Amino acid sequence: MPIDTAKVQGRRTLKFATLDDILADLDKLNQGKCRSLGNWTPGQVLKHLTVPMLWCLDGAPLRAPWYVRVMSWFIKGWFLRNPMPAGFKLSDDFAKHLLPPETSWEDGLAQLRAVIQRMRTEPQRHPSPFMGHLTPEQWIQLQCRHAELHLSFLVPDETP
């Protein structure tokens, strides 16, 4: 039975301002084993984080319904500054793209590092499927909020 991620205890509190902050947290987690407090393996969490970054750079294969995009436009500033809530349920269309396949930690880490490097060096930005046009700085803040949410479920595994 899936874990209700909105009720998970023991998550880490994270606050990222830059892509480098995300990478620094990944480096810390990579120093030992980590485990997930949610429904996905650590590798799946990393794989999932790559998808919206790829959408930023290459374009998303779908868009949220018009009413979601309109609502998002009004709350964009709040959404980019505040933590994302856990326990959000994706629509079936978005779940097809965002639910990560089984992925090893090493593969997920390599993919996430590669897409972060692309975000640092490639200038193109496509509209968000939820919020429409975002500046490069807003895209980074969105990725930081997203990474804070999902990486908060990864904790060092201190079992022998």
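Everything below is about the structure shown above.
Residue positions within a chain follow its written sequence, with the count starting from 1. It should be noted that, the model being predicted, local features are given only for residues of pLDDT at least 70 and side-chain atom pairs only at 80 or more, the latter also being counted only at that level, while totals for whole chains, interfaces and linings use all residues. Side-chain descriptors were evaluated using all non-hydrogen atoms of the structure, hydrogens and water having been removed beforehand.

## Topic: the overall build of the protein chain
So the rule is basically this: Under the scheme used here, helices are H or I runs from DSSP no shorter than 4 residues and strands are E runs no shorter than 2 residues, and both carry numbers assigned from the N terminus. Note that the radius of gyration is over C-alpha atoms, with the globule rule given as 2.2 Å times the number of residues to the power 0.38. Under the scheme applied here, a residue whose accessible area is under 20% of the maximum for its type counts as buried, over 50% as exposed, and between as partly exposed, the area being computed with a 1.4 Å probe on protein chains only. The accessible surface values rely on the Shrake-Rupley method and a 1.4 Å probe; as for residues, cover is taken only from the protein chains in view. Counting rule applied: Lys, Arg positive; Asp, Glu negative; His and chain ends not counted. A single reference atom marks each charge: NZ on Lys, CZ on Arg, CG on Asp, CD on Glu.
Of the regular secondary structure elements, the protein chain holds 6 helices and 2 strands. The N-to-C order of helical and strand elements in the protein chain reads α-β-α-α-α-α-α-β. Taken over the C-alpha trace, the protein chain has a radius of gyration of 15 Å; the compact-globule value for 160 residues is 15 Å, and the two agree within 12%. Based on the C-alpha atoms only, the size of the protein chain along its principal axes is roughly 50 × 35 × 25 Å. Looking at the protein chain as a whole, 42% of its 160 residues qualify as buried. Carbon together with sulfur atoms contributes 59% to the accessible area of the protein chain, which is approximately 9200 Å² in total. Each charge class in the protein chain was averaged separately, 19 positive and 16 negative side chains, and the resulting centres sit 6 Å apart.

## Concerning helix α6 (residues 136-151)
What counts, and what does not: One fewer than the residue count of a helix, multiplied by 1.5 Å, yields its expected span. Only heavy atoms matter for contacts: two residues are in contact if any of them lie within 4.5 Å across the pair.
Taking 1.5 Å per residue, 16 residues should reach 22 Å; α6 reaches 22 Å between its end C-alpha atoms and fits that length. Every buried residue of α6 is accounted for by Trp139, Leu142, Gln143, Cys144, Arg145, His146, Ala147, Glu148, Leu149, His150 and Leu151. Contact partners of the buried residues in α6: α1 (19-29), α2 (42-58), α3 (66-81), α5 (105-121) and β2 (154-156).

## A few points about the pattern of salt bridges
Note the threshold: The term salt bridge refers to a pairing of a side-chain nitrogen on Lys or Arg with a carboxyl oxygen on Asp or Glu at a separation within 4 Å.
What the rule picks out here adds up to 7 salt bridges. With its nearest N and O atoms 2.8 Å apart, the salt bridge here joins Arg118 to Glu122. Its relative accessible area of 23% is what places Arg118 among the partly exposed residues. Each of Asp58, Arg118 and Glu122 takes part in salt bridges that share partners, so that together they form one network.

## Looking at the packing of aromatic side chains
When we look at a pair of aromatic rings, we describe it by the centre distance and by the angle of the planes. What counts, and what does not: In this scheme Phe, Tyr and Trp rings, the latter by its six-membered ring, pair at centre separations within 6.5 Å, and the angle between planes marks the pair as stacked below 30 degrees, edge-to-face above 60, and tilted otherwise. Only lysine NZ and arginine CZ atoms are considered, and such an atom sits over a ring when it is within 6 Å of the ring centre and within 35 degrees of the ring normal.
Counting across every chain of the model gives 4 aromatic pairs. Between Trp73 and Phe74, the aromatic rings sit 5.1 Å apart at their centres with planes inclined by 85°, giving edge-to-face as the arrangement. For the pair formed by Trp73 and Phe74, the shared burial category is exposed. Counting every residue linked through ring pairs, the aromatic cluster contains Trp55, Phe94 and Phe130. Taking NZ or CZ as reference, Arg11 lies 4.5 Å from the ring centre of Phe153, over its face.

## Here we look at the packing of α1 against α5
This is how it is decided: Note on definitions: angles span 0 to 180 degrees between N-to-C directions of axes, and those axes are lines fitted to C-alpha atoms, for helices only across the stretch in contact. Geometric relationships in this document are graded by angle, where less than 35 degrees denotes roughly parallel, more than 145 denotes roughly antiparallel, 65 to 115 denotes roughly perpendicular, and other angles denote oblique. In this scheme the crossing of two helices becomes right-handed for a clockwise turn of the near helix relative to the far one and left-handed for an anticlockwise turn of less than a right angle. For this classification, the nonpolar set comprises Ala, Val, Leu, Ile, Met, Phe, Trp, Tyr, Cys and Pro, the charged set comprises Asp, Glu, Lys and Arg, and every other residue, Gly included, is treated as polar.
Closest axis-to-axis distance for the α1/α5 pair is 11 Å, and the angle between their directions is 160°. Considered as vectors, α1 and α5 are oriented roughly antiparallel to each other. Once α1 is placed against α5, the crossing between them reads as left-handed. Residue-level inspection shows Leu19, Asp20, Ile22, Leu23, Leu26, Asp27 and Leu29 of α1 in contact with α5, the latter providing Trp105, Leu109, Leu112, Arg113, Ile116, Met119 and Arg120. Of the residues assigned to the contact of α1 with α5, the class counts are 10 nonpolar, no polar and 4 charged.

## A look at the nonpolar core
How we decide: As used here, the term nonpolar core means buried Ala, Val, Leu, Ile, Met, Phe, Trp, Tyr and Cys residues forming a set that is joined through side-chain atoms within 4.5 Å.
The biggest cluster of nonpolar side chains holds 36 residues, and the ones touching the most others in it are Ile22, Leu26, Leu46, Leu112 and Leu151. Secondary structure elements with two or more residues in this core: α1, α2, α5, α6 and β2. Sequence-distant contacts of Leu112, that is, excluding residues within four places in its chain, are made with Leu26, Leu46, Leu49, Thr50 and Met53.

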